[in-house]
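Structure assessment
Residues per chain are reported as follows:
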Amino acid sequence: MDLEGKDVQFLYRTVVSDYKRRWQYGDYVFTSAVVKFDEETGLVKTKNSLYCLQGNGEEVFPTLREAARLRSGRPGDYSSRPPTDPDVRN
C-alpha cells in the first residue's frame, strides 16, 4: 500500500450511542477513511457509515505504525501537531 503524499483522515473515538447496535457505550471505534466532514453539523461520512460528532474533538497526526495500534484497540499518546518533516515519520 503506497500512502506517500496522501492525506488520509479517519475517526477514532468512544461511542456514545449506536442505533444499529454495532457497539456499546464506551467502545472505541476506528473508522474507514473519511469521505466528507461537515464542521457546521458535525456529520462525518465514511465509506460505509455516517457519524454525528459530539463535544470538542482533537486532531492528531499518528504515524502509520501508531494508527495501526489504534485500529487494533491499543490507544496511546500521539502528537497533536503535524510533522515538520515527513521523512522523520516511521
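Structure report, in brief. (Residues numbered from 1 in each chain as written. Predicted model: local features only at pLDDT ≥ 70, side-chain atom pairs only at ≥ 80, totals over all residues. Heavy atoms only, no water.)

Across all of its chains, the model carries 3 aromatic pairs by this definition. With 5.2 Å between their ring centres and 15° between their planes, Tyr12 and Tyr28 make a pair best called stacked. Residue Tyr12 is found in strand 1 (residues 12-14), and its partner Tyr28 is found in strand 2 (residues 28-30); the two are separated by 16 residues along the sequence. Taken together through their ring pairs, the aromatic side chains of Phe10, Tyr12, Tyr28 and Phe30 make up a single cluster. (Phe/Tyr/Trp six-rings, centres within 6.5 Å; stacked < 30°, edge-to-face > 60°. Helix = DSSP H or I, 4+ residues; strand = E, 2+ residues; numbered from the N terminus.)

Within a sheet, each strand pairs with its neighbour through backbone hydrogen bonds, oriented either parallel or antiparallel. One open sheet holds the 3 strands; their spatial order is 3-4-5, and the pairing between them is antiparallel. Each of the sheet's edge strands pairs with one partner strand only, and the pair in question is strand 3 (34-38) and strand 5 (50-52). Sheet twist, expressed as the average angle between the axes of neighbouring strands with direction ignored, equals 15°. Across 3 bridges, strand 4 (residues 43-46) lies against strand 5 in antiparallel orientation. When the bridges of strand 5 are listed, Leu43 appears paired with Cys52. (Pairing = 2+ DSSP bridges. Axes fitted to C-alpha atoms, helices over the stretch in contact; angles between N-to-C directions.)

Secondary-structure assignment places Glu39 in the loop between strand 3 and strand 4. The class for Glu39 is exposed, based on a relative accessible area of 69%. As a C-alpha pair, Glu39 and Leu53 span 14 residues in sequence and 9.4 Å in three-dimensional space. (Buried < 20%, exposed > 50% of the residue type's maximum accessible area, 1.4 Å probe, protein only.)

So, about the pattern of salt bridges. In the structure shown here, the tally under the stated rule is 1 salt bridge. A salt bridge links Arg22 to Asp18; its shortest N-O distance comes to 3.2 Å. Under the relative-accessibility criterion, Asp18 is labelled buried at 12%. (Salt bridge = Lys/Arg side-chain N within 4 Å of Asp/Glu carboxyl O.)

A few words now on the pairing of strand 3. Bridge count between strand 3 and strand 4: 4 bridges; the pairing is antiparallel. Within strand 4, the position partnered with Val34 by the bridge is Thr46.

The next point concerns the pairing of strand 4. Residues Val44 and Thr46 point to one face of strand 4 and are all buried, whereas Leu43 and Lys45, pointing to the other face, are not buried. Here strand 3 folds back onto strand 4, and the loop between the two strands holds 4 residues, one of which, Gly42, carries a positive phi near 80°. Where strand 4 hands over to strand 5, the hairpin turn is made up of 3 residues, counted between the paired strands.

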